[in-house]
Amino acid sequence: MRMVDLILKKRDNLPLTEEEINFIIKGYTEDKIPDYQIASLLMAICFRGMTDEECFYLTKAMVESGEVLDLSAINGKTVDKHSTGGVGDKTSLALGPLVASCGVKLAKMSGRGLGHTGGTLDKLESIPGFNIELTEEEFIKQVNDIGMAIIGQTKDMCPADKKLYALRDVTGTVESIPLIASSIMSKKIAAGAQTIVLDVKVGSGAFMKDLEGARKLSKAMVEIGKQFGRNVSAVITNMDEPLGEAVGNSLEVIEAIETLKGNGPEDFTELVLNLGAHILYNAQEVASLEEGISKLQENMRNGKALMKFKEFVLRQGGNPDVTEDYSLLPQAKYVYEVNATEKGYIQHIDALAVGNYAMKLGAGRLTKESPIDLAVGLKIKQKIGAYVDENTILGEVYSNQPLTEEHFVEFRNLFKLTNEKIEKPKLILDLVR
């Protein structure tokens, strides 16, 4: 078998067999196939696409390229959640304790952030003492004992995906639905959970910019999960404005805690309840999504969800007192309120620009080696559809450096106003099962 023949085959829009895909992934992982040939194949895939069978074979080959987590020792139904990423997306911090308080077992591996804000691990490390590195035995024991654990991905999981993603990033081949779907699902399948709910973001602050593309990606990932015998559904959600108010690591931890107390922003609470209901329904813990939402709301009211968060933090070495004393979390030196300077309805909030504003404050990373400031960030206090005037506070900026009027003008420019009344946008746009 020659790599050049396989490149030509895909160039001519012919499907690759399982044997051929295994040859490619094994050869590349073992450094027997050079980058330039894989880059050529990736570009052919970008133009020609892949069949459902090819996507499954590619995902399977990437899963089998490294360690696969065996969760069979966990008693109960194992669940996981994945988001394709957005601005202010702190969902796992609230969703994990909430669904675990309802009896399912959340066994989750997460990553760090690269770009406008930190990842789930960075946010958790805002909590003093929190440990994201557990052994496999400790991970499984904790999930059995308290119903949840969130740790960093192991270096040995899906090494083929790591190599392919790094190459895609520098060869203009990131934006391919088969490659995105296979990359995401290889990690989810290798992590072992039987029930997986995907939060596929779409909009100005998301990787997927249009609903049609988000639907295609969702269907591809759900189909891959089905082929592996996993119970997978995808919820397509709006990312044309930041999720919730907080953007920045310790600020997002606080917002997640407030949500577990029942005091979270309306849109973030809606998302957490809906994703949680899908998890409970897919795991056959409830007979309907409505029952799932009701059960989750009850555990917010009775304090079980917050108690589970405290238990989770304590078991992973963190200080659970952060739930009552936010001063224990990293604090910014300067907090500025930014007022509107004109009247009108908020027509648009540039979610990506919000994320980049937070990154410039230090809340995100330009490179994997960049330090991150866990204290800084911002809050968006007014959302699309709201009416504002000169007395309205648009938001707050948390900084460890003094800011000037130039920074506040930039903040105001995140919002586009109009004189016409604007309808509040829908958060949940579609569902793929």
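Our subject is the structure listed above.
Residues numbered from 1 in each chain as written. Predicted model: local features only at pLDDT ≥ 70, side-chain atom pairs only at ≥ 80, totals over all residues. Heavy atoms only, no water.

(A) Expanded view of the overall build of the protein. Each helix and strand in the protein was counted, giving 16 helices and 13 strands. Against the globule reference of 22 Å for 433 residues, the protein gives a C-alpha radius of gyration of 22 Å, in line with a compact fold. Counting only residues that meet the buried cut, the protein has 57% of its 433 residues in that class. Accessible surface, the protein: about 18,300 Å² in total, of which carbon and sulfur atoms supply 49%. (Helix = DSSP H or I, 4+ residues; strand = E, 2+ residues; numbered from the N terminus. Rg over C-alpha atoms; globule rule 2.2 N^0.38 Å. Buried < 20%, exposed > 50% of the residue type's maximum accessible area, 1.4 Å probe, protein only. Areas by Shrake-Rupley, 256 points an atom, 1.4 Å probe, with all protein chains shown as cover.)

(B) Here's a closer look at the pairing of strand S1 (residues 78-83). Across the six residues that make up S1, a large majority, six, are buried. Burial along S1 is two-sided: Thr 78, Asp 80 and His 82 and Val 79, Lys 81 and Ser 83, pointing in opposite directions, are all buried. Handedness of the β-α-β unit built from S1, helix H5 (residues 91-100) and strand S2 (residues 105-110) comes out right-handed. (Right-handed = clockwise from strand over helix to strand, strands pointing away.)

(C) Geometry of the sheet that holds strand S8 (residues 344-349). If you trace the three strands from one edge of the open sheet to the other, you get S10-S8-S12, paired in antiparallel fashion. The sheet terminates laterally at strand S10 (387-388) and strand S12 (415-418), the two strands that pair on one side only. Note: S8 against S12, four bridges, orientation antiparallel. Along S12, the bridge assignment pairs Tyr 345 with Thr 418. (Pairing = 2+ DSSP bridges.)

(D) Representation of the pattern of salt bridges in the model. Applying the stated criterion across every chain yields a total of 30 salt bridges. Among the salt bridges present, the one from Lys 60 reaches Glu 18, with a minimum N-O distance of 3.2 Å. Of the two residues, Lys 60 is situated in helix H4 (residues 52-63) and Glu 18 in helix H2 (residues 18-29); the sequence distance between them amounts to 42 residues. You can call Glu 18 partly exposed: its relative accessible area is 29%. The salt bridge involving Asp 430 is made with Arg 215; its shortest N-O contact spans 2.5 Å. In this pair, Asp 430 sits in strand S13 (residues 428-432) while Arg 215 sits in helix H10 (residues 211-227), placing the two residues 215 residues apart along the sequence. Since its relative accessible area comes to 30%, Arg 215 is described here as partly exposed. Through salt bridges with shared partners, one network takes in Glu 258, Lys 261, Lys 310 and Glu 324. (Salt bridge = Lys/Arg side-chain N within 4 Å of Asp/Glu carboxyl O.)

(E) Representation of the nonpolar core within the structure. Judged by nonpolar contacts, the single largest core of 75 residues is most densely connected at Ile 127, Phe 312, Leu 378 and Phe 411. It is helix H12 (residues 266-282) that provides the largest number of residues to this core, a total of eight residues. Residues within four places of Ile 127 in sequence aside, it is in contact with Val 253, Phe 309, Val 313, Gly 318, Asn 319, Val 322 and Leu 329. Among the nonpolar cores identified, the runner-up in size contains 58 residues, and Met 3, Met 109, Ile 151 and Ile 196 belong to it. (Core = buried A, V, L, I, M, F, W, Y, C linked by side-chain atoms within 4.5 Å. Contact = heavy atoms within 4.5 Å.)

(F) Quick look at the packing of helix H9 (residues 177-190) against H10. Contact pair H9 / H10: the axes reach a minimum separation of 9 Å and the direction vectors enclose 45 degrees. The orientation of H9 with respect to H10, classified from their angle, is oblique. As for the relative orientation of H9 and H10, their crossing is right-handed in sense. Of the residues in H10, those touching H9 at Ile 177, Ile 180, Ala 181, Ser 182, Ile 184 and Met 185 are Gly 213, Lys 216, Leu 217, Ala 220, Met 221, Ile 224 and Gly 225. (Axes fitted to C-alpha atoms, helices over the stretch in contact; angles between N-to-C directions. Parallel < 35°, antiparallel > 145°, perpendicular 65-115°, else oblique. Left-handed = near helix turned anticlockwise from the far one by under 90°.)

(G) Highlighting helix H3 (residues 35-48). Spanning 14 residues, H3 covers 20 Å between terminal C-alpha atoms, matching the ideal 20 Å at 1.5 Å per step. Every buried residue of H3 is listed here: Gln 37, Ile 38, Ala 39, Leu 41, Leu 42, Ala 44 and Ile 45. Each element contacted by the buried residues of H3 is listed here: helix H1 (3-11), H2, helix H8 (159-170) and H9. Just beyond H3, the residue with positive phi is Gly 49, at close to 75 degrees. (Expected span 1.5 Å × (residues − 1).)

(H) Expanded view of the environment of Cys 102. Here Cys 102 shows up in the loop between H5 and S2. Take Cys 102: its relative accessible area is 7%, and that puts it in the buried class. Ignoring anything within four residues of it in the chain, the contact list for Cys 102 reads Leu 280, Glu 285, Lys 295, Leu 296 and Asn 299.

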